[in-house]
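Commentary on secondary and tertiary structure
So the chains spell out like this:
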Amino acid sequence: MLSVLAALLVGTALAGVLPPLAATTLAGAAGCALASFRLSRLTAAAGGRDRRAPYRRRAAVLLNLAVVAAGTTVAVLPLTPTVRRAEVAAAGLGAATLAYAIGLLLLPGHSRLTPRARWRRGVDVLGLGTALLFAGWVLVPSGPVPPVVRLVTVVGAGGLAGLLVSALADRRRPGAARCRVGAAALLLGLADLVTLLAYRAPAAALLTAVPLLVGGALLTAAGMARVSAGDPGHPAGPPSAWPRLTAPAAVATAAAAGHLAFVGSFTPTAVLLGLAVIPALVGRELIWATDNRRWAGRLAAREAYFRSLVSGGRDLILVLDDGLRVHWLSAAGERWFGLRQDEVCGLPLADLLHPDDAPGILTRLAARPDDGVPPLLVARMRTDDGGWREVESTVSDQRDVPEVAAVVLHVRDVGDRRRLERELRRVAATDPVTGLTSTQELLRVLGERGGTPGALLLVDVHGLGPVHDGPDPAADPVLVTTVRRLRDVVGPRDLVARLSGEEFVVVTDAGSVSGYALGERLLAALTEPCPVPTGMARLRVSVGLAELAAGGPQDVLRQAGLARRRAVQLGRNRIEWYDACLEEQLVRRLDLERELPGAAARGELDLVYQPVLALADRRPAGIEALLRWRSPVLGTVLPAELLPVAEDLGMLGELGRWVLDRACRQLADWSAEGRELWLAVNVTLAELLAPDLVPRVAAVLAGHGVPAERLVLEIAESRLGSDLPAVVARLTGLRSMGVRTALDSFRAEHASLAQLRRLPIDLLKVQPQPVGPDEGPRPLIDVVVGLGERLGMTVVMAELESEPDVDRATRAGCRYGQGFALARPATAERVEAYFEEFPSTSR
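Residues numbered from 1 in each chain as written. Predicted model: local features only at pLDDT ≥ 70, side-chain atom pairs only at ≥ 80, totals over all residues. Heavy atoms only, no water.

1. Observations concerning the overall build of the chain
When you go through the chain residue by residue, the secondary structure sums to 28 helices and 21 strands. Counting all 843 residues of the chain, 45% fall into the buried class. Expressed as a percentage of contacts within the chain between residues at least 6 apart in sequence, the contacts between residues at least 24 apart total 67%. Total accessible area computed for the chain in this model is approximately 41,400 Å², and 59% of it derives from carbon and sulfur atoms. (Helix = DSSP H or I, 4+ residues; strand = E, 2+ residues; numbered from the N terminus. Buried < 20%, exposed > 50% of the residue type's maximum accessible area, 1.4 Å probe, protein only. Contact = heavy atoms within 4.5 Å. Areas by Shrake-Rupley, 256 points an atom, 1.4 Å probe, with all protein chains shown as cover.)

Structure representation (structure tokens):
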């Protein structure tokens, strides 16, 4: 805005509307006033706690005084007599010069110059000062020179030279340099006024001082503002020498050309001054040449130093130009890759990279750092023998640095490391014993394939663990055969992994139905006898199946594990499919296993009793004790659910002892009341074959005073197993002490009828409608009853659930029956109430 005002004032003065002196005064005073206002604000704000704050404040005050002195000088010129104006302008010039000199010296950030730098600076000032003196001398009018002009010319030339040379040389402090240039412009403007006023030049010539006065004052304020802001410097490096070399010659040449054009001849003094410029220029050239030689030596030494560092390193350094062509490569290129400097320089980088890697690498390098250039590039680089090496490259993009203007790649050969990493990954992904996929790799594959169609089969090979726990598991023939059979059955795209010692996992892309069929084939293959040095080994296999889309890796493995556990519970050599109901059953099973231990001690076990009636008169003949678990957490648990859990927990003996003791105590109470009934207690095969069964039964009977013939021990036919001689021996031992025995759930099959003759049994419990395999649907109750009678057994028809069942049993000649159609199981108190309906009960 002020520049526009100054231009308007100059224009009006040239147009004759305003006197030139008035226009010069208004423009110069306005510029100095605005600069003084800005400097005053900087003086007030030049605080802070750093040690340079006082210097900044004092410098601002003195620079402000210099600007005020210049502005005041210009403002009072119209009020001064004409003959005194040159002297007033000279006085203002002196005051401004003194204030500027002190203020510029107080600017912070001065650096101590070396002797060589002082000598260089002095020669520069001498050369430029001589040129400026020559220019001032030849440009003044011919004739006598006023003393004030002579003084201003000589002193001003030296001062201006010092200010300008300091400004050009000070790259670290641009703000201070601006202050020096502003001071030079403002003082030159005042010197211009002194000269023009001393020679009484035309009034219009005074307008030449306006740009110098206004520009110098504003540039001084702008430089001081930058100094107050910390004066951030330019990038490090030596200052440019050409302005200081060419400026003296340019000033002297321009002055001489102007003098020849307008005057035509030189005075002896002018000639001497012109010749005085030459030694300074020659000296500066010599200094410049010496500096160049020194800088070249330093650069060569530094280059040699860095070359020695680079040449001994294993990393290859590539310097690429803007076209991503190789501009330079380090000695490691030939040493490690066989790439020679003269053969590679100028080639596009793509020619050195594998065709599959080049497009991606070039795309990344073509992007700027702001566009997300990655710090690490992985590719394969060509070698001199036509092979490829895996390399990693760090990128240093120096395209925005003018001194470099290139992309620097630090390339490292990582082939050996990558091969080691791949080998480590292969080892980590492989089971060391079987060569199958490891658990870690299995989880990774499941994580990648989560949610996709497919099935996971968890294969539990029972009996494998003890076989391969030797010093060399890989040499175990059973393990080798099992792994081979797994691989033979699965498809080429299926994954086989070893989860633990006896557990394997098969992951297939096929659907769940095809996965189930695969599980059936695995069962058939793995259950085949395996040859071992001692004969043949038979393994029992349980398979659990879960769908991959059911969840994450851990969820799928958990579901397959639950299904596999169900297969184990159901007897192994089978495959089970996971569903939500199965999980509920297994959770129920876990709850049973958690709550059952200590149930007897907590008083949660109970017995209910179901009478056995004579079918002829419906009177009680005997009673069966049935176990119930009254769990406060799980409710009432029946034997069908309770006994398998107790067997897995090894608690059958504890439960059997509790049931026998409680049943005999209740039988003793009923016997004391005159009720002559027999009481049946169920036992498992493990209890029957226990060595202490006979003495324990005898001790319980003696402890409660119960006759042996009143106790019936009942075992299910399905639990007899293959060790029939041991069962016969134990039943014989019980009968020898008077305890009666019973066979429950008898099946009318050929094998069952054959072994019935060998068993020392007193009571035989049969189903209401046994059907023989060759007899069609015709009932065989009469056959079983007749056979039992001939063998001296009492036949009891069990599970009579309806009256038609009771009628069939009666027509078949069966004397006793048991079931819901006759009497339901009840507590001892209810059974006693039921007995009250009959005056007497007997065997």
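2. As for the packing of aromatic side chains
Inspection of the entire model under this criterion finds 4 aromatic pairs. For the pair Tyr834 and Phe835, a centre-to-centre distance of 6.3 Å together with 50 degrees between the ring planes defines the contact as tilted. In this structure, Tyr834 and Phe835 share a single accessibility class: buried. Among the aromatic residues, those joined into a cluster by ring pairs are Tyr609, Trp670, Tyr834 and Phe835. A cation sits over an aromatic face here: Arg298 above Trp295, 5.5 Å from the ring centre. (Phe/Tyr/Trp six-rings, centres within 6.5 Å; stacked < 30°, edge-to-face > 60°. Lys NZ or Arg CZ within 6 Å of the ring centre and 35° of its normal.)

3. Things to note about the packing of helix α21 (residues 652-672) against helix α23 (residues 693-704)
Relative to each other, α21 and α23 sit at 30 degrees, their axes nearing to 9 Å. Here α21 is positioned roughly parallel relative to α23, judged by the angle of their axes. Classified by chirality, the crossing of α23 by α21 is right-handed. Each of Arg657, Leu660, Asp661, Cys664, Arg665 and Ala668 in α21 lies in contact with α23, whose residues at this interface are Arg696, Val697, Val700, Leu701 and His704. Here the residues of the contact of α21 with α23 sort into 6 nonpolar, 1 polar and 4 charged. (Axes fitted to C-alpha atoms, helices over the stretch in contact; angles between N-to-C directions. Parallel < 35°, antiparallel > 145°, perpendicular 65-115°, else oblique. Left-handed = near helix turned anticlockwise from the far one by under 90°. Nonpolar A, V, L, I, M, F, W, Y, C, P; charged D, E, K, R; others polar.)

4. Section: the pattern of salt bridges
All told, the structure shown has 40 salt bridges when counted by the stated rule. Two residues, Arg444 and Glu448, come together in a salt bridge whose shortest N-O distance is 2.4 Å. Taken as a pair, Arg444 and Glu448 lie in helix α15 (residues 439-448) at a separation of 4 residues, close to a single helical turn. Its salt-bridge partner being Arg589, residue Glu593 comes within 3.0 Å of it at the nearest N-O pair. Of this pair, Glu593 and Arg589 are both found in helix α19 (residues 580-595), 4 residues apart, which corresponds to roughly one turn of the helix. (Salt bridge = Lys/Arg side-chain N within 4 Å of Asp/Glu carboxyl O.)

5. Points about the environment of Leu486
Position of Leu486 among the secondary structure elements: in helix α16 (residues 477-489). A sequence separation of 37 residues divides Leu486 from Leu523, and the C-alpha atoms of the two residues are 9.9 Å apart. The residues touching Leu486, leaving out its near neighbours within four places in the chain, are Val496, Phe504, Leu522 and Leu526.

6. Considering the side chain of Arg564
Its place among the elements puts Arg564 in helix α18 (residues 553-569). In this structure the side chain of Arg564 is engaged in a polar contact, spanning 3.2 Å, whose partner is the side chain of Glu503. With residues up to four places along the chain from it excluded, the contact list for Arg564 reads Leu458, Asp460, Glu503, Ser542, Val543 and Gly544. (Polar contact = N/O pair within 3.5 Å; in protein donor to acceptor, adjacent residues only side chain to side chain.)

7. Considerations on the nonpolar core
Counting residues in hydrophobic clusters, the biggest one holds 76 residues, and the most contacted among them are Tyr609, Trp629, Leu711, Leu713 and Leu743. In terms of residue count, α21 provides more of this core than any other element does, 10 residues in total. Residues Leu42, Leu63, Ala66 and Cys179 belong to the second largest nonpolar core, which totals 41 residues. (Core = buried A, V, L, I, M, F, W, Y, C linked by side-chain atoms within 4.5 Å.)

8. Quick look at the pairing of strand β5 (residues 406-413)
Taken residue by residue, a regular strand's side chains alternate between the two faces of the sheet. Pairing between strand β1 (residues 316-320) and β5: 5 bridges, direction antiparallel. Counterpart to Leu320 in the pairing with β5 is Val407. (Pairing = 2+ DSSP bridges.)

9. Describing the packing of helix α4 (residues 85-105) against helix α7 (residues 174-198)
Orientation of α4 relative to α7, taken along the N-to-C sense of each, is 165 degrees, at an axis distance of 8 Å. Classified by the angle their axes make, α4 and α7 are roughly antiparallel. Here α4 and α7 pass one another in a crossing that is left-handed. Residues Arg85, Ala86, Ala89, Ala90, Gly92, Leu93, Ala96, Thr97, Tyr100 and Leu104 of α4 lie in contact with α7, whose contacting residues are Cys179, Arg180, Gly182, Ala183, Leu186, Leu187, Leu190, Ala191, Val194, Leu197 and Ala198.

10. Brief notes about the sheet that holds β5
Sheet strands line up and pair through hydrogen bonds in the backbone, either parallel or antiparallel. As summarised here, the arrangement of the 5 strands in space is β2-β1-β5-β4-β3, forming an open sheet in which the pairing is antiparallel. In the strand order of this sheet, the two ends are held by β2 (326-329) and β3 (376-382), each with one partner. Across the sheet, the mean angle from the axis of one strand to that of its neighbour is 30 degrees, orientation sign disregarded. Across 8 bridges, strand β4 (residues 388-398) lies against β5 in antiparallel orientation. Bridge pairing in β5 places Val395 opposite Leu409. Where helix α13 (residues 358-366) meets the sheet, it contacts β1, β3, β4 and β5, and its direction lies at approximately 135 degrees from that of β3. Most of the contacts of helix α14 (residues 415-428) go to β4, to which it runs at about 120 degrees, and overall it touches β3, β4 and β5.

11. Brief notes about the sheet that holds strand β11 (residues 540-547)
If you walk across this open sheet you meet the 5 strands as β7-β8-β6-β11-β12, and the pairing is mixed. Edge strands, defined here as strands with exactly one partner in the open sheet, are β7 (495-498) and β12 (574-577). On average, each strand axis in the sheet is tilted by 20 degrees relative to the strand beside it, whichever way the strands run. Bridging between strand β6 (residues 455-462) and β11 involves 8 bridges; their strand directions are antiparallel.

12. Details of the side chain of Ser631
With respect to the secondary-structure elements, Ser631 resides in strand β14 (residues 619-631). Polar contacts involving the side chain of Ser631 include one to the main-chain amide nitrogen of Leu634, which spans 3.1 Å.

13. What to know about unusual backbone geometry
The backbone of Leu324 sits at a positive phi, close to 55 degrees, despite the residue not being glycine. Accessibility expressed as a relative area gives 10% for Leu324, which makes it buried. The phi torsion at Asn573 lies on the positive side, around 55 degrees, for a residue other than glycine.

14. Quick word on the pairing of β2
Bridge count between β1 and β2: 3 bridges; the pairing is antiparallel. Its bridge partner being in β2, Leu320 is matched across the sheet by Val326.

15. As for a nonpolar patch on the surface
Where nonpolar side chains cluster on the molecular surface, the patch consists of Val271, Leu272, Leu275, Ile278, Val282 and Leu286 and spans about 560 Å² of accessible area. By secondary structure assignment, the location of Leu272 is in helix α10 (residues 268-311). (Patch = residues over 30% accessible without salt bridge, like charges linked within 9 Å, V, L, I, M, F, W, Y side chains within 5 Å.)

16. Considering α19
For α19, built from 16 residues, the straight-helix expectation of 22 Å at 1.5 Å per residue is met to within 8% by its first-to-last C-alpha distance of 23 Å. Buried residues of α19: Leu582, Leu586, Arg589, Asp591, Leu592 and Glu595, and no others. Of the surrounding secondary structure, the elements contacted by the buried residues of α19 are α18, β12, β14, β15 (635-637) and α20 (639-649). (Expected span 1.5 Å × (residues − 1).)

17. Thoughts on the environment of Pro279
In this structure, Pro279 sits in helix α10. Residue class for Pro279 comes out exposed when judged on its relative accessible area of 55%. Along the chain, Pro279 and Gly127 lie 152 residues apart, while their C-alpha atoms are 8.1 Å from each other.

18. A few points about α15
Residues of α15 that are buried include every one of Glu441, Leu442, Val445 and Leu446, and no others. Along the long axis of α15, the arc covered by the buried residues comes to 135 degrees, so they all point the same way. Exposed side chains of α15 directed beyond 90 degrees from the buried face belong to Gln440 and Glu448. If you follow the buried residues of α15, they end up packed against β6, β7, β8 (503-508) and α18. (Arc of directions from axis to C-beta.)

None of this, on its own, says anything about what the molecule does.
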